Amino acid sequence: MPTSKPLVVVTRKLPEAIETRMAELFRVQLNLDDHPFSREDLAAAMAEADVLVPTVTDRIDAAVLSQAGPNLRLIANFGTGVDHIDVASAHQRGITVTNTPDVLTEDTADMTMALILAVPRRLVEGERLLHSGKWTGWSPTHMLGHRIWGKRLGIVGMGRIGQAVARRARGFGMAIHYHNRRPVHADIEAELEATYWDSLDQMLARMDVISIHCPHTPATYHLLSGRRLRLLHPTAYIVNTARGEVIDENALVRMLTNGELAGAGLDVFEHAPAVNPKLLAMDNVVAIPHMGSATIEGRIDMGEKVLINIKTFTDGHRPPDRVLPNLI
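Residues numbered from 1 in each chain as written. Predicted model: local features only at pLDDT ≥ 70, side-chain atom pairs only at ≥ 80, totals over all residues. Heavy atoms only, no water.

Draft legend 1. Just the UniProt feature "domain: D-isomer specific 2-hydroxyacid dehydrogenase NAD-binding" (unreviewed entry) in the protein, in detail. As annotated by UniProt and renumbered to match this structure, "domain: D-isomer specific 2-hydroxyacid dehydrogenase NAD-binding" (unreviewed entry) occupies residues 113–292. Here residues 113–292 is 32% helix and 15% strand, with 10 Å between the C-alpha atoms at its ends. (UniProt positions renumbered as here; feature names shortened; annotations may be inferred. Helix = DSSP H or I, 4+ residues; strand = E, 2+ residues; numbered from the N terminus.)

As C-alpha cells, then:
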C-alpha cells in the first residue's frame, strides 16, 4: 500500500512551475491570493503540516514554534536568510530547517551595482525631473553627479555576493576594499585586487562607497551604528541590499538630512515593509522594495532548491541545505 504523501503548507504564492511540481510530489496547500500569513495563520499551518514552506515575511519565533503539531518535522525556507526563524528552538524541537543558498548571488550583485551607479549619478532624481515636466533642457552645470571610476568601494561582508559585487565594480574601475570576519583566500584577494581591513572603523573612514553584504544576526544588528556612520566622509554613499537591521536607520536618516552623507541606495529597511517617509522624500536616496533577488530565474532556482530539500528529507535522507544553529 503506497505511503501517504506529506502535507506541505506554503505561506506565499510561488512561481507557477514550482507550485505545479509541488502538487505532483506532495499534498500541498497553496496561498493562491498571496496574502501574508498572520501569526494565527502561521500557527494553524504549523499545527497540521508535515512540512512548512515559509518566506522572509513569516516570523517563526519560539512562541509560534510551540504551537507546531507533532507531524511538523521540516521547515523548508524559500530564501537564503533565516533570521526570521528561531533555528535553535526548531532544532530543540526536532524540526529541521533548510534554506536556498547560492542561487541569488548574481541577481543581488546586479542590483547592488545598479544602486552603486544610480545614486552618485542621480539617475532616479533625473527621471523624476523628466516626468514632472520641469526639465528645460541641457546645461553644463545641470544635474551633476559623481563618477565612480577610480573611487574606493568598501564591502562589508565578503561572501559570495560581496565577491560578485567586487568583480562587477572592478569593471567600472573601482578599487576594492573589504571587511570580513577573516580574510578571503589569497587567490580570491589577488583576483579582485582587494585590500582587507581587519578594522571596520578604519575602512569606513577611507571609502567613497560602502556596500553591505552581511546577514542579520545578533552580532550584526546595527553593525553600522550612528557612531560608525559618522566615520564616513560627507561625500560617501552607502548601499544596502542585505538586511535593513544591519544599519541604524534613524541615524542614517539624520545624517542624510543634515548633509553628513552624500546619498544612499536602499533595497532593504529596518522596519520593512514600513519605510521611513523621510527617506522617500530625499532626492539623494534611491529606495526600492526588496528587489535585489527579484528575477524569474532566481525565484525558480529557489523553488527547485526547496523541492529538493523536501523530497530528500521525506525520502529519509539529510537535505543538502540544512541550517544548524551553530552555523548562524
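Draft legend 2. Structural context of the sheet that holds strand β1 (residues 7–10). One open sheet holds the six strands; their spatial order is β2-β1-β3-β4-β5-β13, and the pairing between them is mixed. In this open sheet, the two edge strands, each paired with only one partner strand, are β2 (27–29) and β13 (322–323). Alignment of strand β3 (residues 51–53) against strand β4 (residues 74–76), held across two bridges, turns out to be parallel. From the neighbouring strand, Val51 faces β4, where its bridge partner is Leu74. Contacting β1, β2 and β3, helix α2 (residues 39–48) crosses the sheet at an angle of about 145° to β3. (Pairing = 2+ DSSP bridges. Contact = heavy atoms within 4.5 Å. Axes fitted to C-alpha atoms, helices over the stretch in contact; angles between N-to-C directions.)

Draft legend 3. Region of the structure containing the packing of helix α1 (residues 16–25) against helix α13 (residues 296–314). At a minimum axis separation of 10 Å, α1 and α13 run at an interaxial angle of 15°. Relative to α13, α1 is oriented roughly parallel. Of the two elements, α1 crosses α13, and the hand of that crossing is right-handed. Along its contact with α1, which presents Ile18, Arg21, Met22 and Leu25, the element α13 presents Ile300, Gly303, Glu304, Val306, Leu307, Ile310 and Lys311. Of the residues assigned to the contact of α1 with α13, the class counts are seven nonpolar, one polar and three charged. (Parallel < 35°, antiparallel > 145°, perpendicular 65-115°, else oblique. Left-handed = near helix turned anticlockwise from the far one by under 90°. Nonpolar A, V, L, I, M, F, W, Y, C, P; charged D, E, K, R; others polar.)

Draft legend 4. Fine view of the domain arrangement of the protein. Looking at the protein, the domain boundaries give domain 1 (7–102 + 295–315) and domain 2 (104–287). Opposite the eight residues of domain 1 that make contact, domain 2 presents six residues. Note on domain 1 versus domain 2: buried area summed over both sides is about 660 Å², and carbon and sulfur give 44% of it. Among the residues of domain 1 in contact with domain 2, Asp83, Asp102 and Thr295 are the three that bury the most area, contributing 62% of the side total. Connecting domain 1 to domain 2 are two salt bridges. Across the salt bridge formed by Arg243 and Asp83, the nearest N and O atoms sit 3.2 Å from each other. The tally of links between domain 1 and domain 2 comes to four residue pairs in polar contact (both at pLDDT 80 or more). (Domains from an automatic or database assignment. Buried area = accessible area lost by both parts, 1.4 Å probe. Salt bridge = Lys/Arg side-chain N within 4 Å of Asp/Glu carboxyl O. Polar contact = N/O pair within 3.5 Å; in protein donor to acceptor, adjacent residues only side chain to side chain.)

Draft legend 5. Main features of the environment of Val184. Relative to the helices and strands, Val184 resides in the loop between β7 (175–179) and α8 (186–192). Distance from Val184 to Pro54, taken between C-alpha atoms, is 32 Å for residues 130 residues apart in sequence. Sequence-distant contacts of Val184, defined by excluding residues within four places in its chain, comprise Met158, Gln163, Tyr178 and Glu189.

Draft legend 6. Region of interest: the packing of helix α5 (residues 105–118) against helix α7 (residues 160–171). In contact at an axis separation of 9 Å, α5 and α7 are set at 50° when each is read in the N-to-C sense. In this view, α5 runs oblique relative to α7, as classed from their interaxial angle. Note on packing geometry: the crossing formed by α5 with α7 is right-handed. Together, Thr105, Glu106, Thr108, Ala109, Asp110, Thr112, Met113 and Ile116 of α5 and Arg160, Ile161, Ala164, Val165, Arg168 and Ala169 of α7 make up the contact between the two elements. Counted by class, the contact of α5 with α7 contains seven nonpolar, three polar and four charged residues.

Draft legend 7. Region of interest: the environment of Arg182. Among the secondary structure elements, Arg182 is positioned in the loop between β7 and α8. Residues Arg182 and Leu130 lie 52 residues apart in sequence; the distance between their C-alpha atoms is 46 Å.

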